[in-house]
Amino acid sequence: MARFDPARILRASQIRIGKRIRVRGVPAILLGVSAIVISAGTVRALARAAPSLAEALREATKLVDAVRSDRRDQRRLNA
């Protein structure tokens, strides 16, 4: 029967950051699980915000248009 050897597991774990990012062992498992949790939370937040998302985008578009028109007006005044 195999024994639990944490030193062997830690030696097998590896994180490399360079030309290519490589993650092996326990850190890879932790990164995978955290990516799943983050994506599930993002989907849940978007699902809750979906009813007001269209209105928020409409207001953001109006805000950008207002800021752009202010800049044009200032350029005309300064010229």
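Residues numbered from 1 in each chain as written. Predicted model: local features only at pLDDT ≥ 70, side-chain atom pairs only at ≥ 80, totals over all residues. Heavy atoms only, no water.

### Focus: the overall build of the protein chain
Check the secondary structure of the protein chain and you find 2 helices and 2 strands. Order of helices (α) and strands (β) in the protein chain, N terminus to C terminus: α-β-β-α. Evaluated residue by residue, the protein chain yields a buried proportion of 3% over its 79 residues. As presented, the protein chain carries roughly 7700 Å² of accessible surface, and 60% of it is formed by carbon and sulfur atoms. (Helix = DSSP H or I, 4+ residues; strand = E, 2+ residues; numbered from the N terminus. Buried < 20%, exposed > 50% of the residue type's maximum accessible area, 1.4 Å probe, protein only. Areas by Shrake-Rupley, 256 points an atom, 1.4 Å probe, with all protein chains shown as cover.)

### Side note on a nonpolar patch on the surface
On the surface, Phe4, Ile9, Val26 and Leu30 cluster together into a nonpolar patch covering about 400 Å² of accessible area. Looking at the secondary structure, you find Leu30 in helix α2 (residues 26-78). Under the relative-accessibility criterion, Leu30 is labelled exposed at 58%. (Patch = residues over 30% accessible without salt bridge, like charges linked within 9 Å, V, L, I, M, F, W, Y side chains within 5 Å. Salt bridge = Lys/Arg side-chain N within 4 Å of Asp/Glu carboxyl O.)

### Notes on a positive patch on the surface
The grouping of Arg16, Arg20, Arg22 and Arg24 at the surface amounts to a positive patch. You can see Arg22 is positioned in strand β2 (residues 22-24). (Lys, Arg positive; Asp, Glu negative; His and termini not counted. Charge placed at Lys NZ, Arg CZ, Asp CG, Glu CD.)

### A word on the side chain of Ser13
By secondary structure assignment, the location of Ser13 is in the loop between α1 (6-12) and β1 (14-16). Within the structure, Ser13 has its side chain in polar contact with the backbone nitrogen of Val26 (distance 3.4 Å). (Polar contact = N/O pair within 3.5 Å; in protein donor to acceptor, adjacent residues only side chain to side chain.)

### Digging into the environment of Arg22
By relative accessible area, which is 39% here, Arg22 ends up partly exposed. The contact partners of Arg22, leaving out residues within four places of it in the chain, are Gln14, Ile15 and Arg16. (Contact = heavy atoms within 4.5 Å.)

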